[in-house]
Every structure is written in C-alpha cells, then in structure tokens.
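Okay, here's what each chain looks like letter by letter:
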Amino acid sequence: MTIKNEYNTTILSSYKIFKEINKLTDIKSLEPILFDEVSRARNNISVPDYVFKNIQEGIFSKSDNFRNMLNNSLSSLASPLYTRNNFIYVQNNKFHIWQDTINKVSPLIIISYFIYKKNLSEEYIEKFQYSSLPSIYNKKLNNILKKNEIIDTHIHLNGTTEADIIWQDILQTPQAFIKDVDEGLLKDEVKEQYLALDMELGTAGISKMIYDTIKIRNDFDAYASHSIRSEIKFLISIFKKINLDKKCSDTMKLWEYILVYNFIYQLLVQQNKQVGFDQFQKITFNNIRENVERASYKERYKQVKSIYGDNVIIEGRFAPKDTPEKMIKLLDNILHNNENIHLIAHFIKAKDKQSSDEINTYRDMPLRLDLDKRSRLLITLMNKTPKYKKHIKAVDGAANELHARAEVFAPSFRFLRQNNIENFTFHGGEDFIDIVSGIRYVYEIAKFLRFRNGDRIGHATALGINPKLWKERIGKGSLYIKQGEYLDNLVFIYHIAKVDKKKIKLISRLKNKIQRLCYKIYNESLDIYLLEQAWLMRKEDPKNVLKWDDGHCEEFYKYPEESINIFTKYHSNQKTIEAYNEKIKIKIDLISNKDILYLQNTIIEKLNKKNIIIETMISSNVRISFYKSYNEHHIKKWLGLTKEKNPPKPILSIATDNPGIFATNMRNELSHLYLLLLKTKMCEEDIFKIINNLLKNNVDYRF
Ligand SMILES: [Zn+2]
C-alpha cells in the first residue's frame, strides 16, 4: 500500500482517532495522532520520517478543516474508479491499490462518495444489489464471464458474505450481533484480534459503540432502510448535506459513523498485516458473520455473480454437523432456492487437546472419533434422502493444517469412499512451519488418503512458493520446529530422493541426522527403511493397530515388526511424544533451494501422473501466505512463466476460497490473474488461452 493510501485509509478507520475524536479541536490537533498511527502501521518498512512528514504536510495543506480532509481522503481513495456503460469499474493499473484499500475501508463507502462526487444517476446505484465489489473492465473477460458456465471450485459458504452486507445486518439487529460478539470474545484468539486492531474493548464497549452509531444514523435519516443500495443512498445524502450546510457537528458525526463502520469492517476482512492461517482463523472465530450466514444462503448465491451478473455456479463447502437435526436444518437451508448447487462437506481439522501424559490411547483420538461420528451421520442422511445425495458431491478436510495432518482423516475417508463418496479434496501446504513440512503435507494427502484420478488438493502453496523468497520471509536463517516433525521431514526427503542417483549426496548428508534424531525420540537405533515404513504406516487406523478395536487387522501385518513398534511409540508412548514435541532450532539452509525445488517438482510430477488437481486461490494466498503482492504469487511458476527451465506444470483449477473475508469473487480473481499475466508482457491472446484453460479445468474436473 502506498503511504498516501495508508494516510487516507487511516483517517477513515483508526480506532485511536475514534477514541480521541471528541477532543480534537482543529485539524492541527489531529497531526500527531495520525503521524503515530501511520508510522506504526508501516513499522516493518524502513522509510525515513521525512517521507511521512512530507506526505502528511501535503494532506494538511489541502485541508483546513475536517470536512475538507474527509472529502479529500474519500476523493483520493475513489480515484481508481471510473464509469463505463452505466457500470462502475476500477482502472487496470490501480486494481492492486484498490484491493489494498478495501482491506481497510469499505468499498461501499468509497463507491458512495464516487457516485456523489460525479453526480451519477440512480441507475449506477441499482447495480449494487448483492455486492459492493467493482472490478476492472476487459471486454473479453466480460464476455467469458457472462456467456460460459463459470464454476467456483473452492468456496466456503460461511466466509462468503461481503462485509458491507454484514454491516447492514448489524445495524438492523444489533442485539444479535452483540450476543455473537460476546460469545466470540470468550476465545483468546478473538481477543488477540481486537487487540491487534487496537480495540481494547469488551462486549459493553462494542455494544455502546454500535448503539451510538445507530443513533447517529437515525439522527441523520430515521427512515433509511437496510440494504447495500439504501446505504449508498443514505451516505450520498449525508455527503450532500455536510458539504451544503457545512455544519461542523454533522461532519464529526459522519466521521464517527465511518470510523466505526470501518473497524467492524476490518474485523471481517483479512488485513494485510495478518500473516498466517492463525490470523485468518481469528476472523472465522469472532462470530461476527454468524447472524447473517446462518440465516439464509440465497443472497450469497447472487452475490457471487458480482455486480455485473456473471454466470457463476458454485461448489459450496459446508461443515457437517454432529447431530441429524442440525445437519438436516443446515442442508435444507443451503439447498433452499438453489437447484444447481454442488456441495462439498468439509470436515474440520482440530488440535489434539490431550497433553502427552493424557494420551493413554493414541494421538488425535477426540478428532478421530468426531470425524467417525460425523462421517457416519453424513452417509446415513445421504442414503435416506435422495436430495442430499444428489447435491453432495465430495468431501474435504479444512481449517488449520498446523492442527492436524491427513493421517488423522485416513480412516474416515476410507469409510466414506467405501460408502460411495466419489470425490475427495483436502486443504494442505497452505501454511507451514517449514516448507518441507508443507510439501510433505501435500504428499501425505495424496498418499495417506489414497487420492485418485480427479481428486483435488486445496492450495498446495508449498509446491509453488519460491524457496529463496520463503527463506527471505522467514528471515534470520533459522526456525524452531518440533524435533519429531523435523525427523518426519527428513525421512520424507529420504523417501522421495532415495531412488534418484543425483541425490546420493543429499541422502548421505541426511542419514546421520536421521539416526541421531531417531535415537533421541524413539530411544533406539533403526535402519532408515524401517523408519520410512513406520511413517508410511500412519495412514493406518491406530485404533486397530494398537488393538483398541479389532478392525481390518490383516492390513498392517505387511509392515515390519520394528516399524509397528515405532508406530506404537509415536502414538502412545509418553516419553516419545514428549521428545517428539520438543522444539529445536534448525538452519533453513540445510536443505538447499535447489533441493527444495526438486522436492516441489517431484511431488507435482507425482500428482500429475495421477491426475490430481490443485485448486489455486490467488487473493487468499496473497493475504494468508508469505507474499506481499499479487505479483509474487506462484501461479506464474506453475504456468511455466518464470525463468525455470521446463518445470512440471500442475493441473490447476481457480477459485475464491472465502470471498467475504478476502473481498473478492471469481471475476476479481480472474482480473488479478489477467493483470499479473499482463505484467509478464504476454499478449491478450496468450493470456486468454491460459484463463480459458483454467476455466475449462474448473468445468472438466468439477465434482
Ligand atoms: Zn479453503
């Protein structure tokens, strides 16, 4: 984000300004707060103070009062917008800046200002019925999106609703919102999220803030109704009013309204400074979307078509419930008013809450039992109700991959496959402690969950991210990792590279390390082959291997006894589990960039051989992963557009993930891709070959 944008968005969204707003006497009194806020937001970027000061001086020299300042900020943020054929669009070269802006400030507010300033007709407002996200204009893209069936292959139904729609709901039913916030605040992760945005508020503080804001809105216009369009009309009328009457008190009220709007907005949209899946999960945990997203789904089906009416069809993902009543209620709600929807049941990964001395059974037992229960329930309901069977096309494992690996899902997925679930997908390689852990995660999905032709993997960023860039972003040349996880990674590298003559040196370098770690964790010295077998054995159900239940026993007799022994220790030996979990510091250079690339490409080749597809989601990765801009995204590598000679290209589908949280939709994802490819100096024709190819994959590999 440019510093100027940082200033303008801060003026409209800072909690500190909100807190001090009643003490501000004149524009000069704002200067120190603003300087503080902006330099703090940019503290990881080394820019000398005078750069800030010059920009700040520029802002203040144009504004001698708060009204002018608000006008100038909004006008500057609206500058990427323009009109064409009665629609509002974003200029191509400003689309990335725009995307950064709308992570902090609601697009609805900026659009309203743009319509007010340009004095545009009602016709423009009418377009914003279900969404407030404008896009770039490209004739060909426009035609493709309208004429062809566009499948969104990876979209979580909860996480889809745009923040501007949720704001309307908060204004309409504040009591439900306060109740949900209150429940959200019981979670530590959510408290952290509020603090990260400098909101040291409890429920009472948020409640007061919302009711004060509703009062401001009512004082301006007691009859304003609740929809995107009516909010635009409401804001336009207020912009008119403050600039006509020029009453300072009205300006301050509008400013307060916008500030509250935007920091609720920031609780709903992934912020640029929030890196990693933990940060993303705080947004999904804070409950603020709950009230809208549990009520009705039909608006979301219209929202995904964007303001331009695209022909988007979704494969919506939902979390299977743990009782028949809850599951039926959820499914009937989702299927209401949508005959075309394909559904994917995403089971949720969860941390093993048992501490090592409590594991007197086996690892991840609570999650394993829960998955078993939900899978059985899902199958029972699908067998009983043809409607569910018709719509539910596949199964997925979602949420934080640092909490559970594919092995935990292996027995349930086997059960689901035996019970006629035909298609599978699984989130992985999206967020990782070590890049090798991420690459291994993807491999384990395919291997342990026995993925077949047409199955898919969500994200797999670990197979795409440039190793050099990853190491730079990790910084310091080292990282902390559980020594058991590290051993698993080394065994995995051995497993992949052992057959390759060019990798003999790498293997011999790893052997000593593997031996040492093996002794530290399992208290015995073992041949690497036996460790490898013990790791491969993790796809088996520990319940059977450890004889807690006598299921299909014959399956694991094929493993060597020593490996079964290691598997048993891994699952149930307290000392082993403690040693496994002990953190060690490792040098990230031990595995060279070349060797990481080798692992990435080898796994891509293996996926290609089986026709396993990677679902890629550019905005989601740019926000959650190590990237700072769209231009760094690995899709260029995957399409063979980097300097690397003849890299294997994975089979890709393209999707949105959580359109509400990343402020995007299919049109905007394709627009980002289009602009990214344009930067490589490709011609329009070649770019559309790629786009059409991806969209064809979305159709061809549809579940
Ligand atoms: Zn996802």
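This text goes with the structure placed above it.
Residues numbered from 1 in each chain as written. Predicted model: local features only at pLDDT ≥ 70, side-chain atom pairs only at ≥ 80, totals over all residues. Heavy atoms only, no water.

Asks: Hey, could you run me through the coordination of the zinc ion in this one?
Replies: For a metal with four tetrahedral donors the ideal donor-metal-donor angle is 109.5 degrees, while six octahedral donors give ideal angles of 90 or 180 degrees. Looking at the metal site, the zinc ion is ligated by H154 (NE2), H156 (NE2), H427 (NE2) and D657 (OD), spaced 2.1 to 2.2 Å from it. Coordination at the zinc ion is irregular: its four donor atoms span angles of 86 to 169° at the metal. (Donors = N, O, S within 2.8 Å, 3.2 Å for Na, K, Ca; no water. Tetrahedral: all angles 85-135°; square planar, octahedral: opposite > 155°, others 65-115°.)

Asks: Please clarify how the side chain of Q193 should be interpreted in this entry.
Replies: Examined against the element boundaries, Q193 turns out to sit in helix α12 (residues 188–196). In terms of polar contacts, Q193 uses its side chain to reach the backbone carbonyl oxygen of L267, at 3.2 Å. (Helix = DSSP H or I, 4+ residues; strand = E, 2+ residues; numbered from the N terminus. Polar contact = N/O pair within 3.5 Å; in protein donor to acceptor, adjacent residues only side chain to side chain.)

Asks: How should I be thinking about the sheet that holds strand β3 (residues 150–156) in this particular structure?
Replies: Sheet architecture is open: eight strands sit in the order β3-β4-β5-β6-β7-β8-β11-β12, paired in parallel fashion. In the strand order of this sheet, the two ends are held by β3 and β12 (651–654), each with one partner. Averaged over all pairs of adjacent strands, the angle between their axes in this sheet comes to 25°, without regard to strand direction. By the bridge criterion, three bridges tie strand β8 (residues 456–459) to strand β11 (residues 613–616) in an arrangement that is parallel. (Pairing = 2+ DSSP bridges. Axes fitted to C-alpha atoms, helices over the stretch in contact; angles between N-to-C directions.)

Asks: In this structure, what is going on with the nonpolar core? I would like to understand it.
Replies: Considering soluble globular proteins, one finds that nonpolar side chains tend to be buried as a cluster. Core analysis: the largest hydrophobic core is formed by 223 residues, its most contacted members being W255, I264, L378, F409, L416, L463 and F492. Broken down by element, this core gets its largest block of residues, 13 residues, from helix α15 (residues 248–268). If near-sequence neighbours (up to four positions away) are discounted, L378 is found in contact with F318, M327, A345, F347, I392, V395 and L416. In terms of nonpolar packing, the next biggest core, distinct from the first, is built from six residues, I283, I624, I661 and F662 among them. (Core = buried A, V, L, I, M, F, W, Y, C linked by side-chain atoms within 4.5 Å. Buried < 20%, exposed > 50% of the residue type's maximum accessible area, 1.4 Å probe, protein only. Contact = heavy atoms within 4.5 Å.)

Asks: Any chance you could explain empty space enclosed by the protein here in plain terms?
Replies: Over the atoms rolls a probe the size of a water molecule, and its path tells where empty space is left. Scanning the model with the defined rule gives five cavities of 30 Å³ or more in all. Taken as a whole, the largest cavity encloses approximately 90 Å³ of empty space. Of all elements in the fold, only α23 (435–448), α25 (483–497) and β10 (583–587) reach the threshold of two or more residues within the lining of the largest cavity. Counting residues per element, the lining of the largest cavity draws most heavily on α25, which supplies four residues. (1 Å grid on protein atoms, 1.4 Å probe; cavity = no way out; pocket = protein on both sides within 12 Å on 5 of 7 lines; lining within 4 Å. Points joined across faces, edges and corners; volume = space filled by probe spheres on them.)

Asks: What am I meant to see in helix α30 (residues 574–581) here?
Replies: Given 3.6 residues to a turn, an α-helix orients residues that are three or four positions apart in the same direction. Along α30, the positions that sit buried rather than exposed are T576, I577, A579 and Y580. What you see down the axis of α30 is that its buried residues fit within an arc of 165°, all on one side. Those residues of α30 that are buried lie in contact with β9 (478–482), α25, α26 (504–522) and α29 (561–572). Of the residues flanking the start of α30, the one acting as N-cap is N573, its side-chain oxygen 2.9 Å from the backbone nitrogen of K575. (Arc of directions from axis to C-beta.)

Asks: How should I be thinking about unusual backbone geometry in this particular structure?
Replies: What you tend to see is this: most non-glycine residues have negative phi, and most peptide bonds are trans. A positive phi angle is found at R450, which is not glycine, with a value near 50°. If you trace the backbone, R450 turns up in the loop between α23 and β8. The partly exposed category is assigned to R450, whose relative accessible area is 31%. Residue H459 is not a glycine yet carries a positive backbone phi of 80°.

Asks: Help me out: how do you make sense of the packing of α25 against helix α31 (residues 593–610) in this one?
Replies: The angle between the axes and the distance between the axes are what describe a pair of packed helices. The contact between α25 and α31 brings their axes to 11 Å, and the two run at 60°. Considering their axes alone, α25 and α31 lie oblique with respect to each other. At the point where α25 passes α31, the crossing takes the left-handed sense. Each of F492, I493, I496 and A497 in α25 lies in contact with α31, whose residues at this interface are Y598, L599, T602, I603 and K606. Tallied by class, the residues present in the contact of α25 with α31 amount to seven nonpolar, one polar and one charged. (Parallel < 35°, antiparallel > 145°, perpendicular 65-115°, else oblique. Left-handed = near helix turned anticlockwise from the far one by under 90°. Nonpolar A, V, L, I, M, F, W, Y, C, P; charged D, E, K, R; others polar.)

Asks: Teacher, can you tell me more about helix α14 (residues 228–245) here?
Replies: Helix length check: α14 (18 residues) gives 26 Å between terminal C-alpha atoms against 26 Å at 1.5 Å per residue, within 8%. Along α14, the positions that sit buried rather than exposed are I228, S230, E231, I232, F234, L235, I236, I238, F239, I242 and N243. Immediately downstream of α14, the backbone of K246 shows phi near 55°, a positive value. (Expected span 1.5 Å × (residues − 1).)

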